[in-house]
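Residue-level structure breakdown
In case you want the letters, here they are:
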4 protein chains.
Amino acid sequence: MPDDELTTPVPTRWVGPIRVSGDVDGEQEVPLATFESPLWPSVGRGARVSRLVPGGVSVTVTGERMTRSTLFVAASGAAAAAAARRIEEQQDELAGIVAAGSAYARLVGVTTEVVGNQLFVRFALTTGDAAGHNMVTLAAEALMTHLLAQHPELAYGSISGNYCSDKKATAVNGILGRGRSVVADIVLPREVLEGQLRTTAERLNELNVRKNLVGSTIAGALRSANAHYANMLLAFYLATGQDAANIVEGSQGITYTEVRGDDLYFSCSLPSLIVGTVGNGKHLPAIETALTRLGCREDRAPCENARRLACLIAATVLCGELSLLAAQTNPGELMRSHLVMERAQGVSR
Amino acid sequence: MPDDELTTPVPTRWVGPIRVSGDVDGEQEVPLATFESPLWPSVGRGARVSRLVPGGVSVTVTGERMTRSTLFVAASGAAAAAAARRIEEQQDELAGIVAAGSAYARLVGVTTEVVGNQLFVRFALTTGDAAGHNMVTLAAEALMTHLLAQHPELAYGSISGNYCSDKKATAVNGILGRGRSVVADIVLPREVLEGQLRTTAERLNELNVRKNLVGSTIAGALRSANAHYANMLLAFYLATGQDAANIVEGSQGITYTEVRGDDLYFSCSLPSLIVGTVGNGKHLPAIETALTRLGCREDRAPCENARRLACLIAATVLCGELSLLAAQTNPGELMRSHLVMERAQGVSR
Amino acid sequence: MPDDELTTPVPTRWVGPIRVSGDVDGEQEVPLATFESPLWPSVGRGARVSRLVPGGVSVTVTGERMTRSTLFVAASGAAAAAAARRIEEQQDELAGIVAAGSAYARLVGVTTEVVGNQLFVRFALTTGDAAGHNMVTLAAEALMTHLLAQHPELAYGSISGNYCSDKKATAVNGILGRGRSVVADIVLPREVLEGQLRTTAERLNELNVRKNLVGSTIAGALRSANAHYANMLLAFYLATGQDAANIVEGSQGITYTEVRGDDLYFSCSLPSLIVGTVGNGKHLPAIETALTRLGCREDRAPCENARRLACLIAATVLCGELSLLAAQTNPGELMRSHLVMERAQGVSR
Amino acid sequence: MPDDELTTPVPTRWVGPIRVSGDVDGEQEVPLATFESPLWPSVGRGARVSRLVPGGVSVTVTGERMTRSTLFVAASGAAAAAAARRIEEQQDELAGIVAAGSAYARLVGVTTEVVGNQLFVRFALTTGDAAGHNMVTLAAEALMTHLLAQHPELAYGSISGNYCSDKKATAVNGILGRGRSVVADIVLPREVLEGQLRTTAERLNELNVRKNLVGSTIAGALRSANAHYANMLLAFYLATGQDAANIVEGSQGITYTEVRGDDLYFSCSLPSLIVGTVGNGKHLPAIETALTRLGCREDRAPCENARRLACLIAATVLCGELSLLAAQTNPGELMRSHLVMERAQGVSR
């Protein structure tokens, strides 16, 4: 095969459909590309559960933005701080520069931090249906050129100062926002918990506190309390042509549960889903097919296709998380069964 | 296409060769599967640099182990602590159970932590040439069954208590070890820095301190100080059939540089490379071909193929990291060039 | 007043007694030195609760050690890694050096980490009844001198490489151990919860999950899930002449609760209590008086006085934590009452 | 002594004067209350250095605010998110409520985060010359009462949801701001480095990178890269009647250095100095005396006394940090000298 046609084929299945409501409504099958085949039945079990509950998984977008942090260097902390104040006041002017350079990019926030004589300026933009990596870099270059011309007391430090923060385990993305933030939740009645998941509200809630909240705490987790978001994110990202290295920050989310009588409230909050329906990789035939089948290539207002995608990903994460946690509440089942079966329920992750 | 043959083809290129020495010697091309095509020339530039330096990139394995943390529940902190002490003293007995159940798995460490009445027990194993996800889960099940029978004061909490910690942004993996740990380093003379990378030792070192060390600190990074390890890890993991969700912890590494006269000492330390040459996904034809071409399917002592793979990955990470950092030292170049060119140098990440 | 007799008098009260059992048994009043006077009735309320429960607060020591991390520099990662392996194998020899230099210090662990050409070596020692800051530094100097003489390939980096880690918010102390680790817990029956704390098991447990576990997670907390350990630690440390800057790591502990029928299981796990009954400040009259009244100047085996002190501190933390959390479950009370009253219940923290 | 007059006398010295410029100008002695007497000569050495440099330590305030995060609970993520949006839009109305209830408190920011059905609302206020713990709690109570009346879909969760975050090791305070943020820096010429500190720009810079930046990273530090800020903060806080438990977040700052020819640029950035000149403990005679001697009880505009205090603290931190780091660059000195001398230079911390 000529080298420029070489690909690595990643086994892919469409799972579900998942029933969703809220910012996206209906039933939708979802694609998962992974070498870890037990993920398919595991998410599939969660999807089946979603179809047994009115409204299924409720999904809500709580934020969206993409960021890039530039680094300027001054002679002193005093000079860096003075520049920081002026730049924060210039936000309207800077927004004009961004809008002039792009049909989609819009500046929605400027955050500064001074460390000694260094000035970090973090720009936040909305980027339409794109994940926005390129858009924010282009905008940051234009803004940096403009600011360096205006502020002779500042020198170039770096186009990216790691305060962005791209594909790293940090706290800033969840706190200041990066990517699309989605909350997915569902209320599961006792009969579904027992019949489909062989568990109860109490046992699942107890496991979530002990494992995802306390266990993550002693592991030294950073803004992360879940069992395996990364697995679902990777598989969905690959199947839809995303820059899947963004599962690093994407995996930093929280599973929160509550016992409500015999029912269980089960939620997954995902602050940093960095996904798009246009951009790098999105024009490959397999990816176009997948996005189209997901209903994410419709003629909608900018952002709307990407929002739909983010919501479907969040619902998928919930299905996989629910399935694995339920399996881990069952020691007997666990101890009896052999590897293949366990893996089919996602236990072995 | 029948659903069970569906795949997502990820564009793949072989880049290099990279020259390596130390725990692996020679020149080796490496495969990168990614939707982000600018990664190829970026790593390629680093690989070219490696071939201009005697010995190229030096690679050293500093540790290897896979882990699973089980969770037991007692009535009280006193009971949990007493059980913890006994379990730590039982390590030889527990090692026997693990060895009896597997030709490859060997117990090399037991760490306990008590939180209230909960007892987390983290088992560390060597797992031959496998990444070891399944092996440690099977071993943990056997150990848990054994310990629950022996310790009636303990009840089942969870087969995984998140103190493992799998595919999450935590501190424990770097500190206690998870996966193969590799240090890759190189000394770059001035002519290579200027001729190939259009930079100097001083500028690259300065950028590394400001961006990777200080910038990561204000971002609230956790045991992570680098520009974009996640990009190289994802692409290499996909091309070799790894469970690429492990880039979450894999990306938590440190780039450290020193100016040595006109030369630059440049290093990447990667504590948590969770990779194997056997196991899930490794028998797919494209993966077998890739592993064979990498020299990682040879008839060697257990561990040796996986160690080679980990070393080649670390060297690849170094090439990509060096290339991007060098590009970011060049504001002029950055401001002048247009998107395509920038992306070709990996700037846009 | 001559400058060398100048003191800052910190208002101090003895609160309690607290009833304790386990590694310390009996009833004991505890001293709290603080400018924040509402702390006294807040801890006092918890102490009263402890006396209404058989056994009161159960306390268990789960570990004790003090640490210092030295930093060596080699030419390369390969050289640093080779030295690391040899040093780990030398542990018996190094233990001999430590024992020869001190009547109390004993080497109990050596941990290494390589970052590029740098080698961090973390020494763990038991230090009798002292907190051990000076003892570990003296030992580290002797060890470093010895190792530098033996290993010509290593150069001096720093007597402290920040991997210790002293008085900083890090993950390493909880994971590898630093200071005395204590778990304190109590089971509270409904009548005590309602009568003394005006709350219920359900409400207090719910608050703990939402605030201490989930709220801390989104704050980007590091191995920390509690309401206000730092307040009790500071006051107790000051009243007993401790180096109170160690509340930084001391405050990184976990409050964990469980509903047991109508009862509440309530626990505080404190991994890093860096305290001693001898050493700096312990011979000041007010401090001697306090330590004597606490029963921590008895003629016991080395470690035993300091262990007693650590247990009493943990019990005090539990009393204050319980009191504040109970108050925060009461919105009505909160909204009605005025500042003085609220502060008297510790609400205003 | 009657119990209500009991105090713990903490040994105190006035050190310096330190020369400062920028947001505070002149020379000022500073008080340090500590059981660790080697701190005095250590800070004193740094102060002497400050007087040898024109302008001494430059200090710049980059932010000031106090925070409290309330927790509301809704039925679902969708309801919580809808409430979050409305509350963010209500900021002017909420600011009116705060201003009506206090002569000093002013609402300057509202940040929300949704986790499942929970809504965390973090209020940021300026609080005049007070540290502001009580002021923000009172304001938060008024705001919560108002919002609960307005939003029947919300229930009370907690007056403090740990997203504030008070006296805990978290990332949020540095990123969103809590307390007064100050940058202190100085440029040290070679003769001062050699004559006073027996070191060089190169050695001190190298140590800072290796120990404070890299060493802190592997320790799993969170937004913290310094040697011992906590020591100076504790001593200064105690001597001026601060709530010294706030050294937990106060200690999370960054030491950054640069070699400039033969000179050294040395800086300490302290984002979270939670200090006041009025409030709890400030009317004790010893504290009034100390604040008056510091020039922090003048008749100035609100905030100005507290700003002065924060600046003096930052300068003091720089003096102590510089002194210890310089000592740690000297292995020969370290190895030769005996304990007393080492401690006098602050080496033993």
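Residues numbered from 1 in each chain as written. Chains lettered and ligands numbered in written order. Predicted model: local features only at pLDDT ≥ 70, side-chain atom pairs only at ≥ 80, totals over all residues. Heavy atoms only, no water.

1. Things to note about the environment of Leu 284 of chain D
Structurally, Leu 284 of chain D is set in the loop between strand S9 (263–273) and helix H10 (285–293). Classification of Leu 284 of chain D by relative accessible area gives partly exposed; the value is 30%. A sequence separation of 179 residues divides Leu 284 of chain D from Ala 105 of chain D, and the C-alpha atoms of the two residues are 24 Å apart. For Leu 284 of chain D, the residues in contact, after removing those within four places along its chain, are Pro 11 and Phe 35 of chain C. (Helix = DSSP H or I, 4+ residues; strand = E, 2+ residues; numbered from the N terminus. Buried < 20%, exposed > 50% of the residue type's maximum accessible area, 1.4 Å probe, protein only. Contact = heavy atoms within 4.5 Å.)

2. Details of the relation of the copies chain A and chain B
Once chain A is rotated about the relating axis by 180° and shifted along it by 0.0 Å, it coincides with chain B to within an RMSD of 0.0 Å. Expressed as a symmetry operation, the mapping of one chain copy onto the other fits a two-fold axis. Both copies share a contact surface, since 100% of the interface residues of chain A are interface residues in chain B too. (Least-squares fit on C-alpha atoms with pLDDT ≥ 70 in both.)

3. Digging into the interface of chain C and chain D
The interface of chain C with chain D comprises 90 residues on the first partner and 90 residues on the second. Carbon and sulfur atoms make up 60% of the surface buried where chain C meets chain D, a total of about 7400 Å² over both sides. Our count for the chain C to chain D interface comes out at zero salt bridges. At the boundary of chain C with chain D, the tally comes to 34 residue pairs in polar contact (both at pLDDT 80 or more). By the bridge criterion, five bridges tie strand S1 (residues 7–22) of chain C to strand S1 (residues 7–22) of chain D in an arrangement that is antiparallel. Looking at S1 of chain D, one finds that Pro 9 of chain C is bridged to Pro 9 of chain D. (Buried area = accessible area lost by both parts, 1.4 Å probe. Salt bridge = Lys/Arg side-chain N within 4 Å of Asp/Glu carboxyl O. Polar contact = N/O pair within 3.5 Å; in protein donor to acceptor, adjacent residues only side chain to side chain. Pairing = 2+ DSSP bridges.)

4. Description of the interface of chain A and chain B
In many analyses, interface size is given as the accessible surface area lost on bringing the parts together. With 90 residues of chain A at the contact, the number on the chain B side is 90 residues. With both chains or domains summed, chain A and chain B bury close to 7400 Å², and 60% of this area falls on carbon and sulfur atoms. Counting across the chain A and chain B interface gives zero salt bridges. Class assignment for the residues of the side of chain A that touches chain B results in 42 nonpolar, 32 polar and 16 charged. (Nonpolar A, V, L, I, M, F, W, Y, C, P; charged D, E, K, R; others polar.)

5. Section: the packing of aromatic side chains
Under the criterion given, the structure shown has one aromatic pair over all chains. Considering the side-chain rings of Phe 120 of chain A and Tyr 163 of chain A, the 6.5 Å spacing of their centres and the 70° angle between planes classify their relative orientation as edge-to-face. Of this pair, Phe 120 of chain A sits in strand S5 (residues 118–126) while Tyr 163 of chain A sits in the loop between strand S6 (155–158) and helix H5 (172–176), placing them 43 residues apart in sequence. Positioned over the ring face of Trp 14 of chain C is Arg 293 of chain C, at 3.9 Å from the centre of the ring. (Phe/Tyr/Trp six-rings, centres within 6.5 Å; stacked < 30°, edge-to-face > 60°. Lys NZ or Arg CZ within 6 Å of the ring centre and 35° of its normal.)

6. Overview of the side chain of Asp 166 of chain C
All names here are of chain C. Mapped onto the elements of the fold, Asp 166 is located in the loop between strand S6 (155–158) and helix H5 (172–176). In terms of polar contacts, Asp 166 uses its side chain to reach the side chain of Arg 178, at 2.9 Å. Polar side-chain contacts of Asp 166 include one of 3.2 Å to the side chain of Asn 246.

7. Thoughts on the pairing of strand S8 (residues 254–260) of chain C
Burial runs high along S8 of chain C: five of the seven residues are buried. As consecutive antiparallel partners, S8 of chain C and strand S9 (residues 263–273) of chain C are separated by two residues, and within that stretch Gly 261 of chain C has a phi angle of approximately 65°, a positive value.

8. As for the pattern of salt bridges
Within this structure, the stated rule accounts for 64 salt bridges over all chains. Its salt-bridge partner being Glu 258 of chain A, residue Arg 260 of chain A comes within 3.5 Å of it at the nearest N-O pair. Of the residues examined, Arg 260 of chain A reaches a relative accessible area of 28% and is grouped as partly exposed. The class for Glu 258 of chain A is buried, based on a relative accessible area of 10%. In this structure, the salt-bridge partner of Arg 86 of chain B is Glu 153 of chain B, at a minimum N-O distance of 2.4 Å. Here Arg 86 of chain B, found in helix H2 (residues 77–89), pairs with Glu 153 of chain B, found in the loop between helix H4 (133–150) and strand S6 (155–158); they are 67 residues apart in sequence, far enough to count as distant. For Glu 153 of chain B, a relative accessible area of 29% gives the class partly exposed. One salt-bridge network, held together by shared partners, links Asp 166, Lys 167, Arg 178, Asp 243 and Glu 249 of chain A.

9. Focus: the packing of helix H1 (residues 39–50) of chain D against helix H11 (residues 304–328) of chain D
Residue and element names in this part refer to chain D. It is the contact of H1 with H11, at a shortest axis distance of 7 Å, that shows an interaxial angle of 105°. Between H1 and H11, the angle is such that the two are roughly perpendicular. Taking contact as the criterion, the partners of Ser 42, Val 43, Arg 45, Gly 46, Ala 47 and Val 49 in H1 are, on H11, Thr 316, Cys 319, Gly 320, Leu 322, Ser 323, Leu 324, Ala 326 and Ala 327. Class assignment for the residues of the contact of H1 with H11 results in eight nonpolar, five polar and one charged. (Axes fitted to C-alpha atoms, helices over the stretch in contact; angles between N-to-C directions. Parallel < 35°, antiparallel > 145°, perpendicular 65-115°, else oblique.)

10. Side note on the side chain of Thr 199 of chain B
With respect to the element layout, Thr 199 of chain B can be found in the loop between helix H6 (190–197) and helix H7 (201–218). In contact with Thr 199 of chain B, not counting residues within four places along its chain, are Leu 193, Glu 194, Leu 204, Ala 326 and Thr 329 of chain B.

11. Some remarks on the environment of Ser 181 of chain C
Residue and element names in this part refer to chain C. One can find Ser 181 in strand S7 (residues 179–188). Taking the C-alpha atoms as reference points, Ser 181 and Gly 46, 135 residues apart in sequence, are found 21 Å from one another. A polar atom in the side chain of Ser 181 sits 2.7 Å from the backbone oxygen of Pro 271.

12. Digging into the confidence of the model for chain A
All names here are of chain A. When pLDDT is averaged across chain A, the result is 94; 94% of the residues are at 70 or more. Across residues 336–349, confidence stays below pLDDT 50; counting only partners more than four residues off in sequence or on other chains, it has 46 contacts. Taken over the whole predicted complex, pTM reads 0.96, whereas the ipTM for its chain interfaces reads 0.95. (pLDDT = per-residue confidence, 0-100.)

13. Some words on helix H2 (residues 77–89) of chain A
Residue and element names in this part refer to chain A. If you check H2, its first and last C-alpha atoms are 19 Å apart, about what 13 residues at 1.5 Å a residue would give, namely 18 Å. Among all positions of H2, only Gly 77, Ala 80, Ala 81, Ala 83, Ala 84 and Ile 87 are buried. Relative to the axis of H2, the buried residues are bounded by an arc of 160° and lie together on one face. (Expected span 1.5 Å × (residues − 1). Arc of directions from axis to C-beta.)

14. A short note on the packing of H7 of chain B against helix H7 (residues 201–218) of chain D
Two packed helices can be described by the angle between their axes and the distance between those axes. Contact geometry of H7 of chain B with H7 of chain D gives a least axis separation of 10 Å together with a crossing angle of 55°. In this view, H7 of chain B runs oblique relative to H7 of chain D, as classed from their interaxial angle. In terms of crossing hand, the pair formed by H7 of chain B and H7 of chain D is left-handed. Listed contacts from H7 of chain D to Val 209, Leu 213, Val 214 and Thr 217 of chain B of H7 of chain B are Val 209, Leu 213, Val 214 and Thr 217 of chain D. Grouping the constituent residues of the contact of H7 of chain B with H7 of chain D by class yields six nonpolar, two polar and no charged. (Left-handed = near helix turned anticlockwise from the far one by under 90°.)

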